[in-house]
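# Residue-level structure breakdown
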Amino acid sequence: MDEPAFVVVEDYEPVARERLPSDVYDFYAGGAGQEWTLIENRRAFERWVIRPRMLAGAYPPDPSTHVLGTRIEFPVMVAPWAYQRMAHPDGELATARAAARAGTVMVVSSPTHAYLDDVATASDAPKWWQLYLFTDRGYTGEMVRRVVAAGYSAICFTVDLPVVGLRDRDTRNAFEPTLSQDGFEYDPSISWDDIAWVRERAPIPLLLKGIMTAEDAHVALDAGVDGIVVSNHGARQLDSVAAPITVLPEIVDDVQGRIPVLVDGGFRRGTDVFKAIALGASAVMVGRPTCWGLTVAGEDGVVDVLRIVREELENVMALAGTRTIADITSAHVGPA
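Owing to the predicted nature of the structure, the values given are computational and were not obtained by experimental measurement.

## With respect to the packing of aromatic side chains
Summed over all chains, the structure comprises 11 aromatic pairs. Centroid distance tyrosine 28 to tryptophan 81: 5.4 Å. Interplanar angle 90°. Geometry classified as edge-to-face. Placement of the pair is tyrosine 28 in helix H2 (residues 22–29) and tryptophan 81 in the loop between strand S4 (76–78) and helix H4 (91–102), with a sequence separation of 53 residues. Exposure remark for tyrosine 28: the relative accessible area of 6% places this residue in the buried category. Judged by its relative accessible area of 10%, tryptophan 81 is buried. Taking 4.4 Å as the distance between ring centres and 35° as the angle between the ring planes, the aromatic pair formed by tyrosine 132 and tyrosine 186 counts as tilted. With tyrosine 132 in the loop between strand S6 (127–131) and helix H6 (137–150) and tyrosine 186 in the loop between helix H7 (168–173) and helix H8 (194–201), this residue pair connects regions lying 54 residues apart in the sequence. The class of tyrosine 132 is buried, set by a relative accessible area of 8%.

## A look at the environment of isoleucine 328
When you line up the elements, isoleucine 328 lands in the loop between helix H12 (288–320) and strand S12 (333–335). The exposure class of isoleucine 328 is buried, given its relative accessible area of 7%. Sequence separation between isoleucine 328 and alanine 278 is 50 residues; the distance between their C-alpha atoms is 5.4 Å. Apart from residues lying up to four places away in sequence, isoleucine 328 is in contact with Phe274, Ile277, Ala278, Met317 and Thr322.

## Examining the side chain of histidine 88
Turning to its location among the elements, histidine 88 is positioned in the loop between S4 and H4. Side-chain polar atoms of histidine 88 contact the backbone nitrogen of aspartate 90, separated by 3.0 Å. In contact with histidine 88, other than residues within four places in its own chain, are Leu294 and Gly298.

## Things to note about the state of the cysteines
Note on terminology: disulfide describes a covalent bond linking the sulfur atoms of two cysteines. According to the stated counting rule, one finds zero disulfides in the structure shown. Summary of cysteine pairing: cysteine 291 is not part of a disulfide, and the nearest cysteine sulfur, belonging to cysteine 156, is at 19 Å. For cysteine 291, a relative accessible area of 2% puts it in the buried group.

## Here's the deal with the pattern of salt bridges
In this structure the tally under the stated criterion is 21 salt bridges. Here lysine 209 ties to aspartate 264 by a salt bridge, and the two come within 3.1 Å at their closest N and O atoms. Residue lysine 209 is located in strand S8 (residues 206–211), and its partner aspartate 264 is located in strand S10 (residues 261–264); the two are separated by 55 residues in the primary sequence. Among the salt bridges present, the one from glutamate 312 reaches arginine 269, with a minimum N-O distance of 3.0 Å. Of this pair, glutamate 312 sits in helix H12 while arginine 269 sits in the loop between S10 and helix H11 (270–278), and the two are 43 residues apart along the sequence.

## Some remarks on the pairing of strand S7 (residues 154–158)
Counted residue by residue, S7 has five buried out of five residues, so it is predominantly covered. Of the two faces of S7, the one carrying Ala154, Cys156 and Thr158 and the one carrying Ile155 and Phe157 are both buried. Pairing analysis gives four bridges linking S6 to S7, with the strands arranged parallel. Residue pairing in the sheet places tryptophan 128 in a bridge with alanine 154 of S7. The handedness of the S6 to S7 crossover, carried by H6, is right-handed. Bridge count for S7 against S8 is four bridges, and the pairing is parallel. Paired with phenylalanine 157 across the strands is leucine 208, a residue of S8.

How each quantity is defined
Residues numbered from 1 in each chain as written. Predicted model: local features only at pLDDT ≥ 70, side-chain atom pairs only at ≥ 80, totals over all residues. Heavy atoms only, no water. Phe/Tyr/Trp six-rings, centres within 6.5 Å; stacked < 30°, edge-to-face > 60°. Helix = DSSP H or I, 4+ residues; strand = E, 2+ residues; numbered from the N terminus. Buried < 20%, exposed > 50% of the residue type's maximum accessible area, 1.4 Å probe, protein only. Contact = heavy atoms within 4.5 Å. Polar contact = N/O pair within 3.5 Å; in protein donor to acceptor, adjacent residues only side chain to side chain. Disulfide = S-S within 2.5 Å. Salt bridge = Lys/Arg side-chain N within 4 Å of Asp/Glu carboxyl O. Pairing = 2+ DSSP bridges. Right-handed = clockwise from strand over helix to strand, strands pointing away.

The following block contains the structure:
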């Protein structure tokens, strides 16, 4: 009997690397600077251990949950990542269909703005829009209007890219994405005042993505946002910052359950997801694993990546004595 080709999501990466041009692979896989934070995003999970409880009657596990009123089959969403058509011709359309099949939400990246309506109609599943603000605020406002009209159910305002981080791999490769931004530039002067600007144009839930300190989480709460995504942009912006899983507890402690706190950065295994939920996250987002799945097998590859993570999480839940997501508490993790 043949063994499955892909047992864990990491099995997809070497196959994807073989199929992608080397500079495109480096663009997807690389991080900022010397990539200390890129390594730290994975290494930080080793500092937490799971504390399983026995005889809890935790079978069968039910990993479904709700985020901002939307039911998802498990607490893993597709993170926004740009230029998906460099990985596969169907790009974001395939990923949108895959997220729907997996029963979760896809967050669609701003560089998809030229065909955001096509992505919106690629499936009936809920989608969020990841927002960058362009220096041309007129065009940005029109984009947001289109996003709302197309039925996106939340805005995920990414706040950690006033300028692009120094990505040494891309510099050495002289790499620039082949899909243009139509001449539009991101606004380097974004500030807390822009939250009100977005609110005026988007009467849907607003999350801030890129929060990495309790101080900023507190300001975000005062600004009235509906959610926070703890993120260091996949270690692609500022090197020598902490892994999101490391700062998650301080942000959860500051928020005190008033709004959902999501997290991304280095998630690869069901154990990673379990630890994040135990530390107070409402859900996690995965980016690069879906990139490798899309590269290797298109829509089916993304579905399979999400399946692997879900099945791993269900296994962890059963073994840790937690039947539902609500059963996972801070008592189920401890320092390594």
